[in-house]
Amino acid sequence: MAAAAATTPHSLLLQRPAGPAAPRAATAAAASSLRLPARAAKISCAAVAAPSASSPVAGAGDRGVYNFAAGPATLPLNVLKRAQAELVDYHGSGMSIMEMSHRGKEFDAAIKKAEADLRALLAVPDTHAVLFLQGGATTQFAAVPLNLCAGPTDPADFVVSGSWSDKAFKEAKKYSAASVAWSGKDGKYTALPSFGEIKQNPEARFLHICSNETIHGVEFKDYPEPQNKTGILVADMSSNFCSKPVDVSRFGVIYAGAQKNVGPSGVTIAIVRKDLIGNAQPITPVMLDFKTHADNASLYNTPPCFAIYICGLVFEDLLAQGGLAEVEKKNAHKAGILYDAIDASGGYYICPVEKSVRSLMNVPFTLAKGPDFEKQLIAEAAKEGMVQLKGHRSVGGLRASIYNAMPLAGVEKLVAFMKDFQARNP
């Protein structure tokens, strides 16, 4: 590793020329080694040779750890390597994508390709706009009622299935007459309702769900039909976005923070039915008005350029894997291995979630032996290269987030470790 570090771009920048005659030559040498082979007469830097985003997904274990964090979360290694290779000189522009104008031709091409690939992945119909936003999915808790409700007296229905849908409901109450159509709070958010249990208001402007609760690990396997007059279903899909095919036409609004499955933190993606754009409440801040971003192709102000670029690489990678139907098969296989290990442990490990709605993305579990052994397991797992297994601070226990980019080998290693831990600590 030390030898490799000696040839990195950073080390070249830090080297001091040997004497007065050296600056020009040293600068030229550093510049040529920093640039990628996108132009003639440039020296490539072997340490950051660009892989194709369609190359096979490599295991995160290649970096020494498997990262089970809930978000920001692990990204495909081949995507990271490609971003590394393109970081200093993006496509021969002489600039990093983090440096160039968001209105320049290079970034314009990048954001347009990202949208096109996302539309291909999810088969987004022309009836829906794709928006790249900021502020996280939490900002959409306010933006949705501000755009879909005429005022604070307009009703809206919420299925409260966990912490995030509860936060969405509470925020929406500031801008609408939001009400709870169903709540899983009494059951500690370990189940989802049958659709007949959802008490919908026919006058509601929309029905809101969280398709996958990151903290509690419950996931909708199908989606309820809105009974409101406008037929608007809204979903926060932050933690299972692009993990499986979705019929986008069933939704008025889908929104998702990118930092779980499709990119780094900093960009939020909204897919909005076009006929719902342009009716925001007068009090709506300009940056929360869907029309602002739809009219300006997500470029009203400076967008999170690098985050959008990474999302584009991830979309390209998902398409190369065969699309979301193939990705879903991989995710189901990974989750099945982990849930089977928990269920076969004789009660040593406990997943509280009803089996029919267990998340393929976020697997919460506890140890029957109690918190002290949970802490021990987390600490020992980290030493073995499996990190970020601690459960959310609001619920405790453990949580393994196994998003698209978590390789099968990471789940298999975790399961083997869990079995060994149980054998050593009966």
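In what follows, the structure referred to is the one given above.
What comes next concerns the included structure. Here the structure is a predicted model, which means the values were calculated and not measured.

Some points on the packing of aromatic side chains
With the rule as written, the count across this model stands at nine aromatic pairs. Look at Tyr223 and Phe251: their rings are 5.1 Å apart centre to centre, the planes differ by 75°, and that puts the pair in the edge-to-face class. You can see Tyr223 sitting in the loop between β5 (207–210) and β6 (233–236) and its partner Phe251 sitting in the loop between β6 and β7 (253–257), a full 28 residues away along the chain. For the pair formed by Tyr223 and Phe251, the shared burial category is buried. Among the aromatic side chains, those forming a connected cluster through ring pairs are Tyr90, Phe306 and Tyr309.

So, the nonpolar core
Grouped together as the largest cluster of nonpolar side chains are 88 residues, with contacts concentrated most on Leu122, Phe241 and Cys242. Ranked by the residues each element gives to this core, the list is headed by helix α9 (residues 305–320), at 10 residues. Apart from residues no more than four positions distant in its own chain, Cys242 is found in contact with Leu118, Leu121, Leu122, Val262, Phe315, Leu318, Leu324, Val327 and Asn404. In terms of nonpolar packing, the next biggest core, distinct from the first, is built from 30 residues, Ala129, Ala156, Phe169 and Tyr255 among them.

A few points about the sheet that holds strand β8 (residues 268–273)
Ordered in space as β2-β8-β7-β6-β5-β3-β4, the seven strands form an open sheet in which the pairing is mixed. What marks the edges here is a single partner per strand, and that holds for β2 (128–133) and β4 (177–183). Adjacent strand axes in the sheet meet at a mean angle of 20°, parallel and antiparallel pairs treated alike. Sheet topology places β6 next to β7; three bridges connect them, and they run parallel. Note that in β7 the partner of Asp236 across the bridge is Tyr255. On top of the sheet, helix α6 (residues 136–148) reaches β2, β6, β7 and β8; it is set at about 160° to β7, its chief contact.

A look at the packing of α6 against helix α7 (residues 163–172)
The N-to-C vectors of α6 and α7 enclose an angle of 45°; their axes lie 8 Å apart at closest approach. Relative to α7, α6 is oriented oblique. In this structure, α6 meets α7 at a crossing whose hand is right-handed. Contact residues: Thr138, Phe141, Ala142 and Pro145 in α6; Trp164, Lys167, Ala168, Glu171 and Ala172 in α7. When its residues are assigned to classes, the contact of α6 with α7 shows six nonpolar, one polar and two charged.

Some thoughts on the environment of Lys229
Secondary-structure assignment places Lys229 in the loop between β5 and β6. By relative accessible area, which is 69% here, Lys229 ends up exposed. The spacing of Lys229 and Pro202 is 27 residues in sequence and 6.1 Å in space, taken between C-alpha atoms. Only 3.1 Å separates the side chain of Lys229 from the side chain of Glu203, close enough to count as a polar contact.

Considerations on the sheet that holds strand β12 (residues 398–401)
With respect to topology, three strands assemble into an open sheet ordered β9-β10-β12, the strand pairing being antiparallel. In the strand order of this sheet, the two ends are held by β9 (349–350) and β12, each with one partner. Helix-sheet contacts for helix α10 (residues 324–343) involve β9, β10 (362–367) and β12, and the interaxial angle to β10 is about 15°.

What counts as what
- Residues numbered from 1 in each chain as written.
- Predicted model: local features only at pLDDT ≥ 70, side-chain atom pairs only at ≥ 80, totals over all residues.
- Heavy atoms only, no water.
- Phe/Tyr/Trp six-rings, centres within 6.5 Å; stacked < 30°, edge-to-face > 60°.
- Helix = DSSP H or I, 4+ residues; strand = E, 2+ residues; numbered from the N terminus.
- Buried < 20%, exposed > 50% of the residue type's maximum accessible area, 1.4 Å probe, protein only.
- Core = buried A, V, L, I, M, F, W, Y, C linked by side-chain atoms within 4.5 Å.
- Contact = heavy atoms within 4.5 Å.
- Pairing = 2+ DSSP bridges.
- Axes fitted to C-alpha atoms, helices over the stretch in contact; angles between N-to-C directions.
- Parallel < 35°, antiparallel > 145°, perpendicular 65-115°, else oblique.
- Left-handed = near helix turned anticlockwise from the far one by under 90°.
- Nonpolar A, V, L, I, M, F, W, Y, C, P; charged D, E, K, R; others polar.
- Polar contact = N/O pair within 3.5 Å; in protein donor to acceptor, adjacent residues only side chain to side chain.

Don't take any of this as a statement about function, it's just geometry.
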